[in-house]
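# Structure at a glance
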Amino acid sequence: MSDPNAQPPVDPAKGGSVPPAGDGATPPPAAPQQPPAGAPQYQQPYAAAQPMSPSDEKLWSTLIHIGGIFFGFIPPLIGYLVLKDRGPFIKAHTLTALNFQLTMLIALVVGSILTIVVVGLFIIIAVYVVVIVFSIIAAIKANKGELYSYPLTIQFIKA
């Protein structure tokens, strides 16, 4: 005799599956599908950035301010692009350092143009002194865990 509730077998070639033989228990889990040989292997997308600890935020903020003395706007730019989502403290410091360094870059360009007249030389010297002094002050504030806003800064990038 046949079971009145039994369903007819389905052809797997047509998109169905053959019901398991036996007592009607649940089928075993399917094995994970492996891509064919030679197919590109895709990774999962990157996970969201994990927040930094406060001591790491202070360290990176300090390094970004000090890096601005030696390499101009490059360390704050890289720091802002890479670390801005890791915490509000690091975002604030990289943003202010980047805006300050961009402002000082403009001042250097103006000073370079004005070297035709002697005034440009004084502007260039003043820019280097201002960068060194204010970057050290900002690094000390960052190391203490305090926010700092550079004077003489144009806000090119806003939070």
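No experiment lies behind these values; they were computed from the predicted model shown. (Residues numbered from 1 in each chain as written. Predicted model: local features only at pLDDT ≥ 70, side-chain atom pairs only at ≥ 80, totals over all residues. Heavy atoms only, no water.)

Among the nonpolar cores identified, the biggest contains 15 residues, and Phe100 and Tyr150 are the most heavily contacted of them. When contributions to this core are tallied by element, the ones reaching two or more residues are helix 3 (88-113) and helix 4 (119-144). Those residues within four positions of Tyr150 in sequence are excluded, and the remaining contacts are His65, Thr96, Ala97, Phe100, Phe134, Ser135 and Ala138. (Core = buried A, V, L, I, M, F, W, Y, C linked by side-chain atoms within 4.5 Å. Buried < 20%, exposed > 50% of the residue type's maximum accessible area, 1.4 Å probe, protein only. Helix = DSSP H or I, 4+ residues; strand = E, 2+ residues; numbered from the N terminus. Contact = heavy atoms within 4.5 Å.)

This paragraph deals with the side chain of Thr96. Summarising the element assignment, Thr96 is placed in helix 3. You can call Thr96 buried: its relative accessible area is 19%. Within the structure, Thr96 has its side chain in polar contact with the backbone oxygen of His93 (distance 3.1 Å). If near-sequence neighbours (up to four positions away) are discounted, Thr96 is found in contact with His65, Tyr148 and Tyr150. (Polar contact = N/O pair within 3.5 Å; in protein donor to acceptor, adjacent residues only side chain to side chain.)

Here the focus is helix 1 (residues 54-71). Between its first and last C-alpha, helix 1 extends 25 Å over 18 residues, near the 26 Å set by a 1.5 Å rise per residue. Listed in full, the buried residues belonging to helix 1 are Glu57, Ser61, Thr62, Ile64, His65, Gly67 and Gly68. Check the buried side of helix 1 and you find it contacts helix 2 (74-83), helix 3 and helix 4. Just beyond helix 1, the residue with positive phi is Gly72, at close to 70°. (Expected span 1.5 Å × (residues − 1).)

Turning next to the pattern of salt bridges. Tallying each qualifying case throughout the model produces one salt bridge. Measuring nitrogen to oxygen at the nearest pair gives 3.3 Å for the salt bridge that ties Lys141 to Glu146. Owing to a relative accessible area of 29%, Lys141 belongs among the partly exposed residues under this scheme. Glu146 sits in the partly exposed class, given a relative accessible area of 34%. (Salt bridge = Lys/Arg side-chain N within 4 Å of Asp/Glu carboxyl O.)

A cluster of nonpolar residues, Leu105, Ile106, Val109, Val110, Ile113, Leu114, Val117, Val119, Ile154 and Phe156, forms a patch on the protein surface that exposes about 820 Å² of accessible area. For the nonpolar patch, the element with the highest residue contribution is helix 3, accounting for five residues. Along the chain, Val119 falls in helix 4. (Patch = residues over 30% accessible without salt bridge, like charges linked within 9 Å, V, L, I, M, F, W, Y side chains within 5 Å. Areas by Shrake-Rupley, 256 points an atom, 1.4 Å probe, with all protein chains shown as cover.)

Tallying each qualifying case throughout the model produces three aromatic pairs. On the numbers, 6.4 Å between centres and 80° between planes, the contact of Phe100 with Phe134 is edge-to-face. Highlighted residues: Phe100 in helix 3 and Phe134 in helix 4, separated in sequence by 34 residues. Ring geometry for Tyr148 and Tyr150: centres 5.3 Å apart, planes at 80°, overall edge-to-face. Overall, Tyr150 belongs to the buried group, its relative accessible area being 5%. Chaining the aromatic ring pairs together yields one cluster made of Phe100, Phe134, Tyr148 and Tyr150. (Phe/Tyr/Trp six-rings, centres within 6.5 Å; stacked < 30°, edge-to-face > 60°.)

Here we take up the packing of helix 1 against helix 4. Between helix 1 and helix 4, the least distance of the axes is 8 Å, while the angle of their chain directions is 175°. Judged on the interaxial angle alone, helix 4 and helix 1 are roughly antiparallel. Counting all contacts with helix 1, which are made through Lys58, Ser61, Thr62, His65, Ile66, Gly68 and Ile69, the residues of helix 4 involved are Val131, Ile132, Ser135, Ile136, Ala138, Ala139, Ala142, Asn143 and Lys144. Taken together, the residues of the contact of helix 1 with helix 4 break down into eight nonpolar, six polar and two charged. (Axes fitted to C-alpha atoms, helices over the stretch in contact; angles between N-to-C directions. Parallel < 35°, antiparallel > 145°, perpendicular 65-115°, else oblique. Nonpolar A, V, L, I, M, F, W, Y, C, P; charged D, E, K, R; others polar.)

Our next topic: the environment of Leu108. Following the sequence through the fold, Leu108 ends up in helix 3. Put simply, Leu108 and Ile124 are 16 residues apart on the chain and 5.7 Å apart in space, counted from C-alpha to C-alpha. Discounting chain neighbours no more than four positions away, the residues touching Leu108 are Ile124, Val127 and Tyr128.

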